[in-house]
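So the chains spell out like this:
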Amino acid sequence: MAVGQVYGKRPVRFLIGVFVWFFRGLPVLVLLFLFFFGIFPGLGLNVPAMVVGATVLGLRGAAYQSQIFRGAIQSVSEGQMIAARSVGMTKLQSIRHVILPQAVRVALPGWSNEYPNILTDSSICYAIGVMELMTRTSQIVSNTSVTMPIYLVCAGIFILLNFAGMRVLHLIEKKIQIPGFGTGAV
Amino acid sequence: MDQSEFLFQILLPLLMEGFAVTIKLIVLTAPFGLILGILVAVGRVYGSKPISLLCKGAVGFIKGTPLLLMLFILYFGLPSVGITLSAFVASLVGFIMCNGAYNSEYIRGAISSVKEDQMIAAQALGMTRMQAVRHIILPQALIRSIPGLSNEFIYLIKYSSLAYMLTVIELTGAGKMVATKYFEFTEVFMIVGMGYLLLVTITTIAVMLIERKVAVPGMTQSGRNMLDIL
Amino acid sequence: MKNNETILRVENIHKSFGDLEVLKGVSFDVKRGETICFIGPSGTGKSTLLRCINLLTQPDQGSVWLGDAEVTNSGKSINHFRQRIGMVFQNFFLFDHLTAVRNVEVALIKVRGMKPKEAREKALDELRQVGMEEWAEHYPAELSGGQAQRVSIARALAMNPDVILFDEPTSALDPELTREVLEVMKKLALAGMTMLVVTHEMGFACSVANRIMFMEHGEIKEQGSPEELMNDTKFERCRNFIGQFDQINGD
């Protein structure tokens, strides 16, 4: 999507722009309601809540990440494209072999920041009844009437997941780091 | 029932009520979130070791915990330790904590990007450390954090919808009620969505105007794309 | 104009950074209205010495006196002394978010508690002194190095300091911009401002300074008036040092 937005033709860019605007401008909760109660049943589809949640979070994540990636592509200097073309690569080849490998490294810190957002957003799927951590927690709370400790355990699990995920992303970042290129650590 | 009758006589009036609550949540959260953000950021950078650690831990906890869970803790959890908050107040507290924690990260980053020489020059003029932070470092840090802070404000607009999960009838809640009653999900949530997009778009424009107004040559980049901050 | 009152006394200043002893017991007196230039190879502690005077760097040993009051060990009132000891930095250190005039007035308002209107007048006065009045509303990023340095001189002047410390004020500037800054400094010296100047500008040192101090390896090795420097045999090392400069410049 990011590639389309930078290098694509006008209508392509416009369509992607609208898509991104829609998914980034709306609250997750509204998107979930819209797809779960509105669009999927409206199309006559009976889609389980789990799938709706994954679809919405996925599309939304794509919208956000395309923006991070777009910034990264644009940050790769014009000269790189010109140099790639000058050694006889096609535009597509230049993008694939020269621009993207650089852009990925620039974008990774941004992705690392996006990951906890998706993780915490996932809790909102509770609203349409997906059996995720949040839903389970609420069930236990209402069954046992012990509240605080259970909520805190739940928070602890989220924080742990968060931490673990960040570690992995940082490791990848370190692994693909090139001397003199980018800042490396966030 | 006639479509336009439903739209104008039932849906919009109810949604407007919800919209008003949404705006109330946002307008009440933003200033406190900003103040909290500034305090925590300054505490982390300039505070003594325990204060700095405390701020860091609190931010880590708030950022790591889903906002929805935080709201549940405030609304359903706190009564078990003897603190009962109304749904509206609990939402507000949760939003302020969340907004403040993220704001503090932007401001902290901006503070550390202010060069050391600014502090030295201020002290050479006879300012105390606190005066230098207040009059020299923070103004620069705040100018630099405008993009981040406005991003956070836009997030706030969107996550204000979570107040509905605590039974606060704001825009999303009002939409859900009407939609359930009249079984018009797609239409209603499209309009609800428009409401949020409207707020987000207005904010984006306002931010651009503010940025132009406080632009300092050599410190801010102008001419950012509108989509960049959406 | 000149009387013989000692305004600043520096006694036996020592300073080490880790294992490196930068200052090995530096002492001197400054009389009101004097201009003293510190010259010598780089890395001999000249800038550190200036920073020890207003305690931007804490000396390990020794004392600094402004008039009858001790600056070292002054605890919280150090900020009071810093108001009376102005400082001009090599890289200007203007406040990036403030216009030229706001740079000059900010300490007047926030530290001195002066009324904004009064402070503005005073700031514009000082900018006039350094020929920068027309640039009052410009931000640091819009000024040339020479202009920025003149604003920073105005900022120091505005506090009506007893002494101004100049830490290599022209080292970051092109020759042409250097001249406009040196002219301002010369004017100040003639007007009776007490100035300590760390500089590599020998021409300025010889024509403006009352005394020249030659520093090497953390000590003041030789000191005297510019005339003595030119003629007296005791200034051999200093002349050798300057000679190197002339050779380089001559080539």
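Please read these numbers as outputs of a predicted model, since none were measured by experiment.

Colleague: If you had to explain a nonpolar patch on the surface to someone new, which residues and values would you point to?
Modeller: Residue and element names in this part refer to chain A. Taken together, the side chains of F14, L15, V18 and W21 make up a nonpolar region of the molecular surface, amounting to roughly 420 Å² of accessible area. Here L15 is to be found in helix α2 (residues 10-25). On the basis of relative accessibility, which here comes to 59%, the residue L15 falls in the exposed class.

Colleague: Which residues make up the arrangement of the chains, and what are the values?
Modeller: The interface with the most contacts, out of two pairs of chains in contact, is the one formed by chains A and B. Spatially, chain A is disjoint from chain C: no contact exists, and the shortest C-alpha separation is 24 Å.

Colleague: Kindly report on the interface of chain A and chain B, identifying the contributing residues and their values.
Modeller: One frequently used descriptor of interface size is the decrease in accessible area upon assembly of the parts. If you look at the interface, chain A gives 36 residues, while chain B gives 37 residues. Interface of chain A and chain B: buried area, both sides summed, is about 3200 Å²; carbon and sulfur atoms make up 74% of it. Considering only the side of chain A, the residues that lose the most area to chain B are A:W21, A:M148 and A:Y151, jointly responsible for 17% of the buried surface there. At the junction of chain A and chain B, the tally comes to zero salt bridges. Connecting chain A to chain B are two residue pairs in polar contact (both at pLDDT 80 or more).

Colleague: Requested: an account of helix α5 (residues 145-158) of chain C, with residues and values cited.
Modeller: Residues and elements named next belong to chain C. In this model, α5 (14 residues) spans 20 Å end to end at C-alpha, consistent with the 20 Å of a helix rising 1.5 Å per residue. Here α5 lies mainly inside the structure; 14 of its 14 residues are buried. Trailing α5 by a residue or two, N160 shows a phi angle of about 50 degrees, which is positive.

Colleague: I'd like a description of the pattern of salt bridges, backed by residues and values.
Modeller: Overall, the coordinates contain 16 salt bridges over all chains when judged by the stated rule. The salt bridge partner of C:D162 is C:R84, with a shortest N-O separation of 2.8 Å. Residue C:D162 is located in the loop between α5 and β7 (163-167), and its partner C:R84 is located in helix α2 (residues 78-84); the two are separated by 78 residues in the primary sequence. In the salt-bridge network here, residues are joined through shared partners; they are B:R44, B:K63, B:E105 and B:R108.

Colleague: Describe in detail the sheet that holds strand β4 (residues 61-66) of chain C, supporting the description with residues and values.
Modeller: Residues and elements named next belong to chain C. One open sheet holds the four strands; their spatial order is β2-β1-β4-β5, and the pairing between them is antiparallel. With partners counted over all chains shown, the strands left at the sheet margins are β2 (20-31) and β5 (69-70), one partner each. As defined by bridge partners, β4 adjoins β5 across two bridges and the pair is classed as antiparallel. Bridge pairing in β5 places L66 opposite A69. Running at roughly 60 degrees to β2, helix α1 (residues 46-53) makes contact with β1 (6-17), β2 and β4 of the sheet.

Colleague: Report on the pairing of strand β10 (residues 219-224) of chain C, specifying residues and quantitative values.
Modeller: Residues and elements named next belong to chain C. Of the pairings in the sheet, the one linking strand β9 (residues 211-216) to β10 comprises five bridges and is antiparallel in character. When the sheet's bridge partners are listed, M215 is paired in β10 with I220. The turn joining β9 and β10, which pair antiparallel and follow one another in sequence, is formed by two residues; a positive phi near 50 degrees is taken by H217.

Colleague: Could you give me a rundown of the interface of chain C and chain B, with the residues and numbers involved?
Modeller: The partner chain B presents 23 residues to the 24 residues of chain C that form the contact. Surface buried jointly by chain C and chain B totals about 2000 Å² across both partners, of which 68% is contributed by carbon and sulfur atoms. In terms of surface lost to chain B, no three residues of chain C exceed C:F95, C:D96 and C:H97, which account for 30% of the buried area on that side. At the junction of chain C and chain B, the tally comes to one salt bridge. Across the salt bridge formed by B:K115 and C:D96, the nearest N and O atoms sit 3.8 Å from each other.

Colleague: I'd like a rundown of empty space enclosed by the protein, residues and numbers included.
Modeller: All names here are of chain A. One pass over the full model with this rule turns up one cavity of 30 Å³ or more. For the largest cavity, the calculated volume is near 40 Å³. Taken together, L57, R60, G61, Y64, E114, I118 and D121 make up the full set of residues lining the largest cavity. Contributing elements (two or more residues each) for the lining of the largest cavity: α4 (49-75) and α6 (91-122). Looking at the lining of the largest cavity element by element, the count peaks at four residues for α4. Its residues placed into classes, the lining of the largest cavity shows three nonpolar, one polar and three charged.

Colleague: Go over the sheet that holds strand β8 (residues 194-198) of chain C with me, naming the residues and quoting the values.
Modeller: Residues and elements named next belong to chain C. Across the sheet, which stays open at both edges, the six strands sit in the order β6-β7-β8-β3-β9-β10 with mixed pairing between neighbours. The open sheet has two edge strands, β6 (85-88) and β10, and neither has a second partner. Within the sheet, the average angular offset between the axes of one strand and its neighbour, ignoring direction, is 20 degrees. Sheet topology note: the strand β3 (residues 35-39)/β9 ladder contains four bridges and is parallel. Of the residues in β9, the one forming a bridge with I36 is R211. Of the strands in this sheet, β3, β6, β7, β8 and β9 touch α1, which is tilted by about 150 degrees from β7. Its contacts with the sheet put helix α6 (residues 175-190) on β3, β7 and β8, and the angle it makes with β8 is roughly 145 degrees.

Colleague: Describe the state of the cysteines, listing the residues and the values that go with them.
Modeller: Taken as a whole, this structure holds zero disulfides over all chains when the rule is applied. Unpaired in this structure, B:C55 has its nearest cysteine sulfur neighbour in B:C98, at a distance of 16 Å.

Colleague: Give a description of the nonpolar core that names residues and reports values.
Modeller: In summary, soluble globular proteins display a tendency toward joint burial of nonpolar side chains. In terms of nonpolar packing, the biggest core is built from 108 residues, with C:F28, C:I53, C:I153 and C:L196 touching the most fellow members. Residues A:V141, B:C98, B:A101 and B:V168 belong to the second largest nonpolar core, which totals 80 residues.

Definitions and limits used
- Residues numbered from 1 in each chain as written.
- Chains lettered and ligands numbered in written order.
- Predicted model: local features only at pLDDT ≥ 70, side-chain atom pairs only at ≥ 80, totals over all residues.
- Heavy atoms only, no water.
- Patch = residues over 30% accessible without salt bridge, like charges linked within 9 Å, V, L, I, M, F, W, Y side chains within 5 Å.
- Areas by Shrake-Rupley, 256 points an atom, 1.4 Å probe, with all protein chains shown as cover.
- Salt bridge = Lys/Arg side-chain N within 4 Å of Asp/Glu carboxyl O.
- Helix = DSSP H or I, 4+ residues; strand = E, 2+ residues; numbered from the N terminus.
- Buried < 20%, exposed > 50% of the residue type's maximum accessible area, 1.4 Å probe, protein only.
- Contact = heavy atoms within 4.5 Å.
- Buried area = accessible area lost by both parts, 1.4 Å probe.
- Polar contact = N/O pair within 3.5 Å; in protein donor to acceptor, adjacent residues only side chain to side chain.
- Expected span 1.5 Å × (residues − 1).
- Pairing = 2+ DSSP bridges.
- Axes fitted to C-alpha atoms, helices over the stretch in contact; angles between N-to-C directions.
- 1 Å grid on protein atoms, 1.4 Å probe; cavity = no way out; pocket = protein on both sides within 12 Å on 5 of 7 lines; lining within 4 Å.
- Points joined across faces, edges and corners; volume = space filled by probe spheres on them.
- Nonpolar A, V, L, I, M, F, W, Y, C, P; charged D, E, K, R; others polar.
- Disulfide = S-S within 2.5 Å.
- Core = buried A, V, L, I, M, F, W, Y, C linked by side-chain atoms within 4.5 Å.

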